[in-house]
Amino acid sequence: MQNPLITVSQLATLRQQRDVTLLDVRFGGPGSSGGREQHLEGHIPGAVLVDMDTALASPSVGPGGRHPLPHPEAFEAAMRAAGVSNDRPVVVYDNWWSIAAARAWWLLQHHGHGDAFVLDGGLGAWLSAGLPVEQGDISPVPGDFRLGSNPSSAVLDADGAAGMASAGVLLDARPGDRFRGVGETVDPVAGHIPGARSLPAFELADELGFLLPADELRERFEAVGAGEGRVGVYCGSGIQAAHVALAAVVAGLPLPALYPGSWSDWITDPTRPIATGA
């Protein structure tokens with residue numbers, strides 16, 4: 001796969017050469033309230049707000065986790081409404097270490113968009129470069145995005161995740177304390193999938209939100225045994241997991257399989273085993 005990151009300068013050059021669809025996917029997390037209010041206060045000129053809960057996820061009802069994948073046709077409709085077309089590059093950004101942007105990127109590439117990128121450093125990088133923002137809402141011209149597929153993008157269910165933990169490498173993208181079952185504040189059950197290995201998404205970017213250099217990322221993956229073999233990734237609800245998948249591709253590794261339901265789905269079945277500790 002091509003490098004899914006784009007820098008501010010590369011984006012500026014690309015916008016001079018081609019029409020580009022910009023998606024603002026700011027969404028919660030440390031230091032970010034996200035959402036519509038922030039978008040209206042200031043966004044990269046031309047960027048369209050895309051909501052995590054309505055466009056990049058389906059309503060959470062029972063098993064499936066807190067952020068189930070959106071129904072394909074619903075995702076297609078949301079992308080069209082945001083102005084996305086298959087023949088035009090899409091650049092997504094947030095202000096949360098690209099965690100939310102990675103979810104949008106993962107969905108786009110999973111559904112066959114071959115020109116989707118994440119703005120490295122997000123909105124902070126844009127502002128640090130002294131570039132302008134605009135206020136107010138955007139009414140994009142609808143796009144004609146059509147669902148496709150990506151043969152290198154795989155989805156795991158709970159059984160698939162358990163199998164990956166035993167026959168391959170299953171990565172847990174949550175912070176290390178949640179992996180160990182310490183200080184769990186999000187889900188009602190603490191711990192991790194037995195056999196999983198900890199690789200926190202937040203440790204794959206620097207304090208400014210830029211992903212670490214490719215060679216350093218590769219070292220992080222190889223240190224937990226996630227090299228060229230079969231690799232899957234999960235987190236709490238499938239969002240941070242997409243960030244680890246993004247980092248793997250930046251590192252030049254194959255795209256890991258994603259368990260979208262993640263820990264919040266795993267614990268809905270009390271018969272599934274749970275591990276704690278390092």
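Residues numbered from 1 in each chain as written. Predicted model: local features only at pLDDT ≥ 70, side-chain atom pairs only at ≥ 80, totals over all residues. Heavy atoms only, no water.

## Observations regarding the overall build of the chain
Then comes step 1: In terms of regular secondary structure, the chain is built from 11 helices and 9 strands.
Then comes step 2: For 278 residues, the compact-globule estimate of 2.2 N^0.38 gives 19 Å, and the C-alpha radius of gyration of the chain, at 18 Å, lies within 12% of that figure.
Then comes step 3: Principal axes of the C-alpha set define a box for the chain whose edges measure 50 × 40 × 35 Å.
Then comes step 4: Burial statistics for the chain: of 278 residues in total, 53% are counted as buried.
Then comes step 5: Within the chain, residue pairs in contact and separated by at least 24 positions form 77% of the contacts whose partners lie at least 6 positions apart.
Then comes step 6: On the chain, roughly 11400 Å² of surface is accessible, and the fraction owed to carbon and sulfur atoms is 53%.
Then comes step 7: Taking the average location of the 17 positive side-chain charges in the chain and that of its 31 negative ones, the two points are 3 Å from each other. (Helix = DSSP H or I, 4+ residues; strand = E, 2+ residues; numbered from the N terminus. Rg over C-alpha atoms; globule rule 2.2 N^0.38 Å. Buried < 20%, exposed > 50% of the residue type's maximum accessible area, 1.4 Å probe, protein only. Contact = heavy atoms within 4.5 Å. Areas by Shrake-Rupley, 256 points an atom, 1.4 Å probe, with all protein chains shown as cover. Lys, Arg positive; Asp, Glu negative; His and termini not counted. Charge placed at Lys NZ, Arg CZ, Asp CG, Glu CD.)

## Side note on the pattern of salt bridges
It is possible for side chains of opposite charge to pair when their charged atoms get near one another.
Then comes step 1: Enumeration over the complete set of coordinates arrives at 13 salt bridges.
Then comes step 2: Put simply, Glu222 and Arg218 hold a salt bridge, and the shortest N to O gap is 3.1 Å. Linking Glu222 with Arg218, this pair stays in helix H9 (residues 214–223), spanning 4 residues, or about one helical turn.
Then comes step 3: Given the relative accessible area of 45%, Glu222 is considered partly exposed.
Then comes step 4: On the basis of relative accessibility, which here comes to 26%, the residue Arg218 falls in the partly exposed class.
Then comes step 5: Within the structure, one salt-bridge network assembled from shared partners comprises Arg66, Asp172, Arg174, Arg178, Glu184 and Asp187. (Salt bridge = Lys/Arg side-chain N within 4 Å of Asp/Glu carboxyl O.)

## Points about the nonpolar core
Then comes step 1: In terms of nonpolar packing, the biggest core is built from 57 residues, with Leu23, Leu56, Met79, Leu171 and Phe221 touching the most fellow members.
Then comes step 2: Structurally, this core is a two-domain feature, drawing no fewer than three residues from each of domain 1 (5–129) and domain 2 (158–267).
Then comes step 3: Here Leu171 is in contact with Arg197, Leu199, Phe221, Val224, Ala226, Val231, Gly232, Val233, Tyr234 and Val244, once residues within four sequence places are set aside. (Core = buried A, V, L, I, M, F, W, Y, C linked by side-chain atoms within 4.5 Å. Domains from an automatic or database assignment.)

## Here we look at the domain arrangement of the chain
Then comes step 1: For the chain, the domain assignment lists domain 1 (5–129) and domain 2 (158–267).
Then comes step 2: Computed over C-alpha atoms, the centres of domain 1 and domain 2 are 21 Å apart.
Then comes step 3: Between domain 1 and domain 2, the residue contacts involve 24 residues of the former and 29 residues of the latter.
Then comes step 4: Of the roughly 2100 Å² buried at the junction of domain 1 and domain 2 (both faces included), carbon and sulfur atoms supply 70%.
Then comes step 5: Summed over the shared surface of domain 1 and domain 2, the result is 1 salt bridge.
Then comes step 6: Its salt-bridge partner being Asp187, residue Arg66 comes within 2.4 Å of it at the nearest N-O pair.
Then comes step 7: For the interface between domain 1 and domain 2, the tally reads 8 residue pairs in polar contact (both at pLDDT 80 or more).
Then comes step 8: With 7 residues, helix H5 (residues 99–110) is the single largest residue contributor to the side of domain 1 that touches domain 2.
Then comes step 9: Residue composition of the side of domain 1 that touches domain 2, by class: 15 nonpolar, 6 polar and 3 charged. (Buried area = accessible area lost by both parts, 1.4 Å probe. Polar contact = N/O pair within 3.5 Å; in protein donor to acceptor, adjacent residues only side chain to side chain. Nonpolar A, V, L, I, M, F, W, Y, C, P; charged D, E, K, R; others polar.)

## Focus: the environment of His67
Then comes step 1: Mapped onto the fold, His67 is located in the loop between helix H3 (52–55) and helix H4 (72–81).
Then comes step 2: Put simply, His67 and Leu56 are 11 residues apart on the chain and 8.3 Å apart in space, counted from C-alpha to C-alpha.
Then comes step 3: With residues up to four places along the chain from it excluded, the contact list for His67 reads Phe27, Met52, Asp53, Ala57, Arg103, Ser237, Ile239 and Pro260.

## Overview of the sheet that holds strand S1 (residues 5–6)
Then comes step 1: Overall, parallel pairing links the 5 strands, which are arranged S1-S5-S4-S2-S3 in an open sheet. Lying at the two open borders of the sheet, with one neighbouring strand each, are S1 and strand S3 (48–49).
Then comes step 2: Summarising the sheet, S1 and strand S5 (residues 116–119) pair through 2 bridges and their orientation is parallel. In the strand pairing of S5, Leu5 is matched with Val118. (Pairing = 2+ DSSP bridges.)

## Here's the deal with the environment of Asp159
Then comes step 1: With respect to the element layout, Asp159 can be found in helix H7 (residues 158–167).
Then comes step 2: Taking the relative accessible area as the measure of exposure, Asp159 reaches 65% and is therefore exposed.
Then comes step 3: Residues Asp159 and Leu204 lie 45 residues apart in sequence; the distance between their C-alpha atoms is 27 Å.

## Notes on the side chain of His113
Then comes step 1: By the element assignment, His113 lies in the loop between H5 and S5.
Then comes step 2: Owing to a relative accessible area of 2%, His113 belongs among the buried residues under this scheme.
Then comes step 3: Here the side chain of His113 touches Asp115 through a polar contact of 3.1 Å, landing on its backbone nitrogen.
Then comes step 4: Setting aside anything within four residues of it in sequence, one finds His113 in contact with Val84, Ser85, Asn86, Arg88, Pro89, Val90, Leu108 and Phe145.

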